[in-house]
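# Breakdown of the fold
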Amino acid sequence: MTTIHLLGFGRIGARRELKTLLEDYWHGRIDATALHTGSRQLRQRHWLLQKGAGVDISPVGDFALYDHVLDAQILVGALPERFGLNAAQLDNEGYFALARGTAEQPALEMTKWFDTNYHYLVPEWSVDTCFSANPAPLLEALQAAQGLGMRAKPVLVGPLTLLWLGKVRGAPFDRLSLLPALVETYASLLQALAAAGADWVQIDEPILALDLPGAWLAALDTCYRRLAQAPVRLLLATYFGSVASHAARLAALPLAGLHLDLVRAPEQLETFLEHWPAGRVLSAGVVDGRNVWRADLEHWLDRLEPVYGQLGETLWLAPSCSLLHCPLDVAQETRLSQDVKLWLAFSVQKLNELKTLKRGLEQGRDAVASELAGSRFARQLRSSSPLIHRPEVAARLKALPAGSDRRANPYPVRAARQAAWMKLPLLPTTTIGSFPQTPAIRSARAAFRKGELDQSAYEQRMRAEIETAIRRQEALGLDVLVHGEAERNDMVEYFGEQLSGFAFTEHGWVQSYGSRCVKPPILYGDVARPAPMTVAWSVYAQSLTSRPVKGMLTGPVTLLQWSFVRDDLPRSLVCRQIALALNDEVLDLENAGIRIIQIDEPALREGLPLSRALWADYLDWAGQAFRLASAGVDDATQIHTHMCYAEFGDILPAIVRLDADVITIETSRSDMALLDDFGSFAYPNAIGPGVYDIHSPRIPQEAEITRLLERALETVPAARLWVNPDCGLKTRQWPEVETALGNMVRVAHRLRARLAEGRGLPAGQNVCP
Ligand code: GLN
Ligand code: ZN
């Protein structure tokens, strides 16, 4: 017998029930009891679903109202002092204060969970952080699952991972120094779980897939030697990458089991078969917890049959990682093409795949002949489908002449040609693309989608919005205008819907953070652009004004990164296909007279592999894709890019290699600290560091913008400095936007005058490029 278990499960529900519950509660439409009852029912439904689908051991403690990393902070009783909350007596109000902030205290910071699009709440560590075990929430979950007759396995974020993911507040210190106290707290948690009847406990240490400093690896030994003394069986879960380099170390630890992600790192299986001691559980993560494709069941049986022969019942089967990152059920989709639907496996389908593998291993392939045939059939259909393969795309990529990803001339030559026609003043002002998405805009788009508004009425409404946006920008005195992106509900979906090779689900939601969910497009086939996507809107906007209007595109890396990407081609190749399709759009925009074109790449940084050894390769193909999208234009056409949501200091050389004429980048929250990196690196092209934090309703005052720009002028020559907000303005309201941009433009004018008179230049500056 082998065992099917899960590392974790999605929480939002088939119809985003958790989102509804949370938002109803936050808006006072339901009370705490209703939130409590509703969320417990959802959790129970998911457990029963797992049980019905043949899962032998279900996770408990993975269901969080807001975030499981926040829940882990509560379990170890370590909440930031600034909230004045006691973990053991935390009510809903306190919980959501941590997650969402209060009038007095900003929320815990949020950041991406490894290389996924899930955001966790960042723990805050200080020298005097204290821990105290608070097992009650986990015991409640365990008892609830036991009450349903489930075999339940409590799941904990591991102590090393929890420490690593937190950030130091206050006086700097080594957060690893908190480990001894934290480990004792985990030991108490394990005791409490054992007393409540837990047999297995899963402890997640995904940081093992990162490049860890030696001290952290050494700490792994002491930590797990101590925890293994608890009267439970410990399953250490690793995922998102290979841990083969730690095989010997892991094998030497007194662990009862180890989970490996064999989707991301299949080759590590052999290493562990060599090292892993007999009699201990080896959990094979074989269906992809992070993507939506059906598994190749026959391939996995080929791989696993000998392993099962060797390990017997100590071979466990699981998805590669928690199913948190995967939508729930393909069966809910009614509009996907039958073909595409057949190729997909969401969480429910993945459970079936595991069941087939288990029966295949235990009873032989004949017992699952029809399931295997179904899986094979779907894969064959997929691999030969004309929906996927467009020979002209492959041919075009193959025929690309060398140097297709280069502008004709280097930046200084281009800059001079651009300056000649643009005649922009020093410190030109612009925005990042979107303007407030008002209820009127959203309802027009919704009505158009539902067929209540016909094409021409819809276009009229959008044109009216564009005209308003242009007039407002002119009145504000901005130099380079945008059309405002009213027609886009989402910067990826808008392009995905118009490119071939992308499909969209109705219910394929995954949690981004708290109640926020995203529905990533499914990139299933060769990408091409059947028709222009943005040209008409941009041309219309340009027709309304004598100031230059910037065309606005989402870049190839971001389109790739924010989609579920096909697994039958290397990502680098898919990215090149997208780049070529975008390049068609760039050239059409240019032909239509749009001579400033921005290609947004907010996701460039987050595509970085977890292991540094793989960074160079990624940055190489990602950068090439960007250049491929932006090449072929005249020297006088100005290419912008925009990046945000991340720290860019460590990938600056790669950003330089994009060779965009202008980069606008988020910096205001870090008080321009990023510019020190840009400065010491002597960033060679133009740069617009954001001076307006659009993530906050706070309106930046003139003094503050002046200070930020003066700081920028210390590192960026005035001739290469642009003035703009941090990001798009779609989530803001017009009144605040107008005030903030008004302040921004006034400051730019004042500094411009000062620079023109040669006054007030920081030492060492000059006005020439
Ligand atoms: N052009 C986009 C906008 O302004 C950029 C959004 C982003 O960077 N995330 O909305
Ligand atoms: Zn942005």
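A quick note: this is a predicted structure, and the numbers were derived from the prediction, not measured. (Residues numbered from 1 in each chain as written. Chains lettered and ligands numbered in written order. Predicted model: local features only at pLDDT ≥ 70, side-chain atom pairs only at ≥ 80, totals over all residues. Heavy atoms only, no water.)

### Structural notes on the packing of helix α18 (residues 455-476) against helix α20 (residues 535-543)
- Contact geometry for α18 and α20: axes closest at 10 Å, N-to-C directions at 45°. Our classification of the angle between α18 and α20 gives oblique. In this structure, α18 crosses over α20, and the sense of that crossing is right-handed. Here Y458, E459, M462, R463, I466, E467 and I470 of α18 come into contact with α20, specifically with W537, Y540 and A541.
- When its residues are assigned to classes, the contact of α18 with α20 shows seven nonpolar, no polar and three charged. (Axes fitted to C-alpha atoms, helices over the stretch in contact; angles between N-to-C directions. Helix = DSSP H or I, 4+ residues; strand = E, 2+ residues; numbered from the N terminus. Parallel < 35°, antiparallel > 145°, perpendicular 65-115°, else oblique. Left-handed = near helix turned anticlockwise from the far one by under 90°. Contact = heavy atoms within 4.5 Å. Nonpolar A, V, L, I, M, F, W, Y, C, P; charged D, E, K, R; others polar.)

### Digging into the side chain of T161
- Relative to the helices and strands, T161 resides in helix α6 (residues 159-165).
- With residues near it in sequence (within four places) discarded, T161 still touches F114, D204, E205, P206 and I207.

### A look at the site of ligand 1
- The immediate surroundings of ligand 1 are formed by 13 residues, with S434, E485, D600, H642 and G728 found nearest.
- Contact distances for ligand 1 include 3.1 Å between a nitrogen atom and a backbone N or O atom of I432.
- Within the side chain of D600, a nitrogen or oxygen atom sits 2.6 Å from a nitrogen atom of ligand 1.
- Within the complex, 95% of the 300 Å² of free accessible area of ligand 1 lies under protein. (Near = heavy atom within 4 Å. Polar contact = N/O pair within 3.5 Å; in protein donor to acceptor, adjacent residues only side chain to side chain. Areas by Shrake-Rupley, 256 points an atom, 1.4 Å probe, with all protein chains shown as cover.)

### Quick notes on the packing of aromatic side chains
- Under the counting rule described, the total for this entry stands at 16 aromatic pairs.
- Each ring, one from W113 and one from F114, has its centre 4.9 Å from the other, and the planes form 85°; the classification is edge-to-face.
- The class for W113 is buried, based on a relative accessible area of 2%.
- An aromatic cluster of three or more residues is present, and its members are Y25, W26, Y66, Y95 and F96.
- If you follow R16 out to its NZ or CZ, it ends over the ring of W509, 3.6 Å from the centre.
- A cation sits over an aromatic face here: R280 above W276, 5.7 Å from the ring centre. (Phe/Tyr/Trp six-rings, centres within 6.5 Å; stacked < 30°, edge-to-face > 60°. Buried < 20%, exposed > 50% of the residue type's maximum accessible area, 1.4 Å probe, protein only. Lys NZ or Arg CZ within 6 Å of the ring centre and 35° of its normal.)

### A word on the sheet that holds strand β17 (residues 550-554)
- Within the open sheet, the five strands sit side by side as β17-β19-β20-β21-β22. Their pairing is parallel. One side of each edge strand has no neighbouring strand; the edge strands of this open sheet are β17 and β22 (686-689). Taken pair by pair, the neighbouring strands of this sheet meet at an average axis angle of 20°, ignoring direction.
- In the sheet, strand β21 (residues 662-665) pairs with β22 via four bridges, with the strands oriented parallel. Within the sheet, the bridge partner assigned to V662 lies in β22 and is A686.
- Contacts from helix α23 (residues 615-630) reach β19 (596-600) and β20 (638-643), with the element oriented near 140° to β20. (Pairing = 2+ DSSP bridges.)

### Things to note about the nonpolar core
- Counting residues in each nonpolar core, the largest one holds 107 residues, and the members touching the most others are Y224, L227 and L250.
- No other element matches helix α7 (residues 179-195), which puts nine residues into this core.
- Beyond its immediate chain neighbours, meaning those up to four positions away, L227 contacts P159, V183, Y186, A187, L190, I203 and L234.
- Formed by 106 residues, the second largest nonpolar core is a distinct cluster that contains L582, I599, L628 and L658. (Core = buried A, V, L, I, M, F, W, Y, C linked by side-chain atoms within 4.5 Å.)

### Describing the pairing of strand β14 (residues 510-513)
- The sheet contact formed by β14 and strand β15 (residues 516-518) spans three bridges and is antiparallel. Among the inter-strand pairings, Y513 is bridged to a residue of β15, identified as R516.
- In this structure, the hairpin formed by β14 and β15 is closed by a connection of two residues, where G514 is found at a positive phi of approximately 50°.

### Quick look at the coordination of the zinc ion (ligand 2)
- Protein coordination at the zinc ion (ligand 2) comes from H642 (NE2), C644 (SG) and C727 (SG), with a distance range of 2.0 to 2.3 Å.
- Each of the four donor atoms around the zinc ion (ligand 2) contributes to a set of angles spanning 94 to 124°, which defines the coordination as tetrahedral.
- Sequence positions of the residues that donate to the zinc ion (ligand 2) give the spacing H-x1-C-x82-C.
- You can call C644 buried: its relative accessible area is 2%. (Donors = N, O, S within 2.8 Å, 3.2 Å for Na, K, Ca; no water. Tetrahedral: all angles 85-135°; square planar, octahedral: opposite > 155°, others 65-115°.)

### Description of the confidence of the model for the protein chain
- Overall, the predicted model of the protein chain reaches an average pLDDT of 95, with 98% of residues at or above 70.
- With pLDDT under 50 throughout, residues 762-769 is counted as low confidence; its partners more than four residues away or in other chains account for 16 contacts. (pLDDT = per-residue confidence, 0-100.)

### What to know about the state of the cysteines
- Across all of its chains, the model carries zero disulfides by this definition.
- Free of any disulfide, C223 has its nearest cysteine sulfur in C130, 19 Å distant.
- Just so you know, C326 is unpaired, no disulfide at all, and the nearest cysteine sulfur is the one on C321, 8.6 Å from it.
- Residue C326 is classed as buried on the basis of its relative accessible area, which comes to 5%. (Disulfide = S-S within 2.5 Å.)

### Re helix α16 (residues 411-422)
- An ideal rise of 1.5 Å per residue puts 16 Å on twelve residues; α16 measures up with 16 Å between its terminal C-alpha atoms.
- Every buried residue belonging to α16 is among Y411, R414, Q418 and M422, and all of these are buried. An end-on view of α16 places all buried positions within 65° of arc, on one side of the element.
- Where α16 ends, the next residue or the one after it, K423, has phi of about 50°, a positive value. (Expected span 1.5 Å × (residues − 1). Arc of directions from axis to C-beta.)

### With respect to the pairing of strand β10 (residues 257-261)
- For β10, the tally of buried residues reaches five of five residues, placing the bulk of the element in the interior.
- Direction of pairing for strand β9 (residues 233-237) relative to β10: parallel, over a ladder of three bridges. If you follow L236 over to β10, its bridge partner there is L258.
- Once you follow β9 into helix α9 (residues 247-252) and on to β10, the crossover reads as right-handed.
- Of the strand pairs in this sheet, β10 and strand β11 (residues 281-287) are connected by five bridges, and their pairing is parallel. Paired with L260 across the two strands is A284, which belongs to β11.
- Following the chain from β10 across helix α10 (residues 268-275) to the adjacent parallel β11, one finds a crossover that is right-handed. (Right-handed = clockwise from strand over helix to strand, strands pointing away.)

### Looking at the sheet that holds strand β13 (residues 500-503)
- Pairing in this open sheet of three strands is mixed, and the strands run β13-β16-β18 from one edge to the other. Looking at which strands have only one partner, the edges of the open sheet turn out to be β13 and β18 (564-565).
- Taken together, the three bridges between β13 and strand β16 (residues 522-528) define a ladder with antiparallel strand orientation. Following the sheet pairing, S500 is matched in β16 by A528.
- Along the sheet, helix α22 (residues 571-591) contacts β16 and β18; its crossing angle with β16, the most-contacted strand, is approximately 55°.

### Digging into the environment of R15
- Here R15 shows up in the loop between β1 (3-4) and α1 (17-26).
- Remark: the alpha-carbon pair of R15 and L255, spanning 240 residues in sequence, is separated by 39 Å.
- With sequence-adjacent residues up to four places away left out, R15 is seen in contact with Q332 and H507.
- At 2.9 Å, the side chain of R15 and the side chain of Q332 are in polar contact.

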